[in-house]
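Structural overview for review
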Amino acid sequence: MQIVILKNSAEVAEYGANIFIKQLQEKANSVLGLATGSTPVALYQKLIEATQAGAISFKDVTTFNLDEYLGLAGTHPQSYRYFMNEQLFDHVDIDKSHTHVPPGDAADPVAACEGYEQQISDAGGIDIQLLGIGRNGHIGFNEPSSGLMSRTRVKTLTKATIDDNARFFAADEYQPHLSITMGIGTILDAKKVVLLATGENKADAILATVEGALTASCPASALQLHRDAVLVIDEAAASKLSDCEFYKHIENENQKLQAQLAKL
Ligand code: PGA
């Protein structure tokens, strides 16, 4: 794993956005894996700005989101489809028919999960997958105990996740407790994975992801198996790592090497 420790959430958003901007500049018809939650919002804002400035285009881009609440249609304001339209798709030149979010209102959710896997495969696989991380180490809605090779399926949410997300729902509003999520195996199939984490409340999850054992108890630890996973985190999220200075030193050395290679 490449571990990039930056000062604050603004730097994390900028660094993460630059990875996606470079990706779209190098491959205009990229297949992007996208995420919801509060962490990626600032990154999406940077992508909107880059699109409006003409630096990138989403014209030929295809997207697949990680997850969706089961029981919410895409028109529901708390659905992840609605979130993606509001936070990104409505503000860039993407063809909405090329954007995919698992169908939370599917009559047959099991068939919908298989269909989602098929659509990803038909698109040629995901070039770059964006991830947040839950306080409990979840990625997508792969809660602790998720199979490390799991595929897209229906998952029951933990109480911790329901509590964390309760802030988005009105007190008397129905809050789903099931989801459709890409599996950990689906995520590991992406060619590149970029995980963003900010804030002290993510420090335990980041510690378990980076320095803990590979375990279903911390789904994000599965990224230890990925060949091209980058964790972009702020000082607060990195605060429990045993040797931040060493990780920063590695990143400095990486950058020197990249600069040297760029001259060849
Ligand atoms: P957050 O959610 O970005 O709102 O912290 C991350 C997640 O639960 O995956």
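Scroll up to find the structure this text is about.
In this report, we go over the structure that sits alongside the text.

Here we take up the overall build of the chain. Broken down by element type, the chain carries 8 helices and 10 strands. For 264 residues, the compact-globule estimate of 2.2 N^0.38 gives 18 Å, and the chain sits close to it at 18 Å. Dimensions along the principal axes, computed over C-alpha positions, put the chain at roughly 55 × 40 × 35 Å. The 264 residues of the chain split such that 51% are buried. Considering only contacts in the chain between residues 6 or more positions apart, those separated by 24 or more positions represent 78%. Where the 21 positive side-chain charges of the chain centre and where its 33 negative ones centre are 5 Å apart.

Close approach of charged atoms allows side chains of opposite charge to pair. Going through the model one piece at a time under the given rule, you end up with 15 salt bridges. The salt bridge partner of Arg135 is Asp164, with a shortest N-O separation of 2.8 Å. Residue Arg135 is located in the loop between β6 (128–131) and β7 (153–156), and its partner Asp164 is located in helix α5 (residues 159–165); the two are separated by 29 residues in the primary sequence. Classification of Arg135 as partly exposed rests on a relative accessible area of 41%. Asp189 serves as the salt-bridge partner of Arg151, at 2.9 Å between the closest nitrogen and oxygen.

Below, the discussion takes up the layout of surface pockets. Reported here for the largest pocket is a volume of approximately 670 Å³. Contributing to the lining of the largest pocket are 35 residues, with Thr36, Gly37, Ser38, Asn165 and Arg167 lying nearest its centre. Taken together, the elements giving at least two residues each to the lining of the largest pocket come down to β4 (67–69), α3 (80–87) and α5. With 5 residues, α3 is the single largest residue contributor to the lining of the largest pocket. Looking at side-chain class alone, the lining of the largest pocket contains 13 nonpolar, 16 polar and 6 charged residues. Computed from the structure, the second largest pocket encloses a volume of approximately 440 Å³.

Here the focus is the site of the ligand. Gly37, Ser38, Thr39, Gly132, Ile133, Gly134, His138, Arg167 and Lys202 make up every residue found near the ligand. Take Thr39: an N or O atom from its side chain is 2.5 Å from an oxygen atom of the ligand. A distance of 3.5 Å is found between an oxygen atom of the ligand and a side-chain nitrogen or oxygen belonging to Arg167. Spatially, the ligand is embedded in the largest pocket. In terms of residue class, the shell around the ligand is made up of 1 nonpolar, 6 polar and 2 charged.

Thresholds, definitions, all that
- Every chain begins its residue count from 1, and numbering advances along the sequence as written.
- Side-chain atom pairs in this predicted model are given and counted only at pLDDT of 80 or more, local residue features only at pLDDT of at least 70, and totals for whole chains, interfaces and linings cover all residues.
- With hydrogens and water stripped out, all remaining heavy atoms of the structure feed into the side-chain values.
- We count a stretch as a helix when DSSP gives it H or I for four or more residues in a row; a strand needs E for two or more, and each element gets its number in order from the N terminus.
- This radius of gyration counts C-alpha atoms alone. The globule rule is 2.2 Å times how many residues there are, raised to the power 0.38.
- Exposure categories follow from relative accessible area, calculated using a 1.4 Å probe and restricted to protein chains: below 20% of the type maximum is buried, above 50% is exposed, and the middle band is partly exposed.
- In what follows, residue pairs with any heavy atoms lying within 4.5 Å of each other are defined as contacts.
- Counted charges follow a simple rule, with Lys and Arg positive, Asp and Glu negative, and His plus the chain ends left uncounted.
- Positions of charges follow a simple convention, taking NZ of Lys, CZ of Arg, CG of Asp or CD of Glu.
- Take a side-chain nitrogen of Lys or Arg and a carboxyl oxygen of Asp or Glu: if they are within 4 Å of each other, that pair is a salt bridge.
- Only protein atoms enter the 1 Å grid, on which a cavity is a set of points fitting a 1.4 Å probe that cannot get out and a pocket is an open set with protein on both sides within 12 Å along at least 5 of 7 lines, lining residues being those with an atom within 4 Å of a point.
- Grid points are joined across faces, edges and corners, and a volume is the space filled by probe spheres set on the points.
- Residues are grouped as follows: Ala, Val, Leu, Ile, Met, Phe, Trp, Tyr, Cys and Pro are nonpolar; Asp, Glu, Lys and Arg are charged; every other residue, Gly included, is polar.
- Working definition: residue near molecule or strand if any one of its non-hydrogen atoms lies within 4 Å of it.
- The definition of a polar contact used here is a pair of N or O atoms within 3.5 Å, where within protein one atom must be able to donate a hydrogen and the other to accept one, and adjacent residues in sequence count solely through side-chain atom pairs.
- Cavities and pockets are treated as containing a molecule whenever more than half of the molecule's atoms lie within 2 Å of their grid points.

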